[in-house]
Amino acid sequence: MWWDEDIARCVAFRCTACAGFRRAAVALAAERGIETVTAEEIASRAGMTRDDFRRHYRDAEECLVAAYEEGARQLERTFLEGLQGVGGWRERLQAAIDRTLSAFARRPQLARFCLAEVPRTTIPSLRERHLESRQRFVSVLSDERGAEAGPASQLHLELVTGAAHHAVSAQMTAERCDLNTIQARIDDLIADYVPAPS
């Protein structure tokens, strides 16, 4: 959010009105695609006016970016919490994946928005945020594996993360999203990355 000489916009991320606008933006984007979402539609879906919207966001893009940043961070925190469990690398990674898929099931519109709609958008600011989020996942996984994994492992992680994201995105854009299919695809992708116990 920004301060503008003409319009004082909200700078508090926890503002109830802002949260309502972000939820409305996510719902509209998940239903129809990001490119069609307008500020007027966001305001209407949130039960507010265009002027109310302009007091918080400059335009639909700014609201969509804020919604994506919030949603991506929530998914990242959920994944990281799963990695903090007990057991070996494979067990902790599986726990992180299970937790994240459960979060997808609880908030399907947010999952579709973050994992299916944002990656396909032509809006540069959203694409940039998406790439930053994917890189944060790679960094977290790389840190968890430790330095012994080496640079080849880093590249493999980037490929596996990208492929896992693509598998999830492809499944989410299908007519029916099957979390078991997503789980199986991700398991196949990480099986080669996680070395078998010696």
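Just so we're clear, the structure is a prediction, and the values are computed from it rather than from any experiment.

**Some points on the overall build of the protein**
Helix and strand counts for the protein stand at nine helices and zero strands. Ordering the α and β elements of the protein from the N terminus gives α-α-α-α-α-α-α-α-α. Burial statistics for the protein: of 198 residues in total, 44% are counted as buried. Considering only contacts in the protein between residues 6 or more positions apart, those separated by 24 or more positions represent 64%. When the accessible area of the protein is evaluated, it comes to approximately 10,600 Å², of which 52% is carbon and sulfur surface.

**Some details on the confidence of the model for the protein**
This prediction gives the protein a mean pLDDT of 79; 70% of its residues lie at or above 70. Ranking the elements of the protein by mean pLDDT puts helix α9 (residues 179-191) last with 65 and helix α2 (residues 39-45) first with 97. Across residues 1-9, where pLDDT falls below 50, the model places 22 contacts with residues more than four positions away in sequence or in other chains.

**Overview of the nonpolar core**
Ile-42 and Phe-113 are the most contacted members of the largest nonpolar core, which totals 46 residues. Counting only elements with at least two residues in this core, the list comes to α1 (16-32), α2, α4 (60-83), α5 (89-106), α6 (108-117) and α7 (124-145). In terms of residue count, α4 provides more of this core than any other element does, eleven residues in total. If near-sequence neighbours (up to four positions away) are discounted, Ile-42 is found in contact with Phe-21, Ala-24, Ala-25, Leu-28, Val-37, Phe-53, Ala-60 and Cys-63.

**Concerning the pattern of salt bridges**
This model, assessed by the stated rule, comprises twelve salt bridges. A cluster of three or more residues bridged by salt bridges with shared partners is formed by Arg-73, Glu-76 and Arg-136.

**Some points on the packing of aromatic side chains**
By the definition in use, this model includes five aromatic pairs. One aromatic cluster is present, formed by Phe-21, Phe-53 and Tyr-57 through successive ring pairs.

**Notes on α6**
Burial runs high along α6: seven of the ten residues are buried. Residues Leu-110, Ala-111, Phe-113, Cys-114, Leu-115, Ala-116 and Glu-117 constitute the buried set of α6.

**With respect to the packing of α5 against α7**
Between α5 and α7, the least distance of the axes is 11 Å, while the angle of their chain directions is 155 degrees. Classed by the angle they form, the pair α5 and α7 counts as roughly antiparallel. The handedness of the crossing between α5 and α7 comes out as right-handed. Only Leu-141, Glu-144 and Arg-145 of α7 make contact with α5, whose side of the interface consists of Trp-89, Arg-92 and Leu-93. Class assignment for the residues of the contact of α5 with α7 results in three nonpolar, no polar and three charged.

**Description of the environment of Glu-144**
Topologically, Glu-144 is positioned in helix α7. Overall, the relative accessible area of 26% leaves Glu-144 in the partly exposed class. Residues Glu-144 and Arg-92, spaced 52 residues apart in sequence, show a C-alpha to C-alpha distance of 9.7 Å. Excluding residues within four positions of it along the chain, Glu-144 makes contact with Leu-83, Gln-84, Trp-89 and Arg-92.

**Remarks on the side chain of Arg-92**
Within the secondary structure, Arg-92 sits in helix α5. By relative accessible area, which is 15% here, Arg-92 ends up buried. Polar side-chain contacts of Arg-92 include one of 3.4 Å to the backbone oxygen of Gly-87.

**Some details on the side chain of Ser-133**
Relative to the assigned elements, Ser-133 resides in helix α7. Discounting chain neighbours no more than four positions away, the residues touching Ser-133 are Tyr-68, Ala-72 and Glu-76.

**Digging into the environment of Arg-73**
Mapped onto the elements, Arg-73 comes out in helix α4. Separated by 63 residues in the primary sequence, Arg-73 and Arg-136 have C-alpha atoms spaced 9.8 Å apart.

Criteria and cut-off values
- Residues numbered from 1 in each chain as written.
- Predicted model: local features only at pLDDT ≥ 70, side-chain atom pairs only at ≥ 80, totals over all residues.
- Heavy atoms only, no water.
- Helix = DSSP H or I, 4+ residues; strand = E, 2+ residues; numbered from the N terminus.
- Buried < 20%, exposed > 50% of the residue type's maximum accessible area, 1.4 Å probe, protein only.
- Contact = heavy atoms within 4.5 Å.
- Areas by Shrake-Rupley, 256 points an atom, 1.4 Å probe, with all protein chains shown as cover.
- pLDDT = per-residue confidence, 0-100.
- Core = buried A, V, L, I, M, F, W, Y, C linked by side-chain atoms within 4.5 Å.
- Salt bridge = Lys/Arg side-chain N within 4 Å of Asp/Glu carboxyl O.
- Phe/Tyr/Trp six-rings, centres within 6.5 Å; stacked < 30°, edge-to-face > 60°.
- Axes fitted to C-alpha atoms, helices over the stretch in contact; angles between N-to-C directions.
- Parallel < 35°, antiparallel > 145°, perpendicular 65-115°, else oblique.
- Left-handed = near helix turned anticlockwise from the far one by under 90°.
- Nonpolar A, V, L, I, M, F, W, Y, C, P; charged D, E, K, R; others polar.
- Polar contact = N/O pair within 3.5 Å; in protein donor to acceptor, adjacent residues only side chain to side chain.

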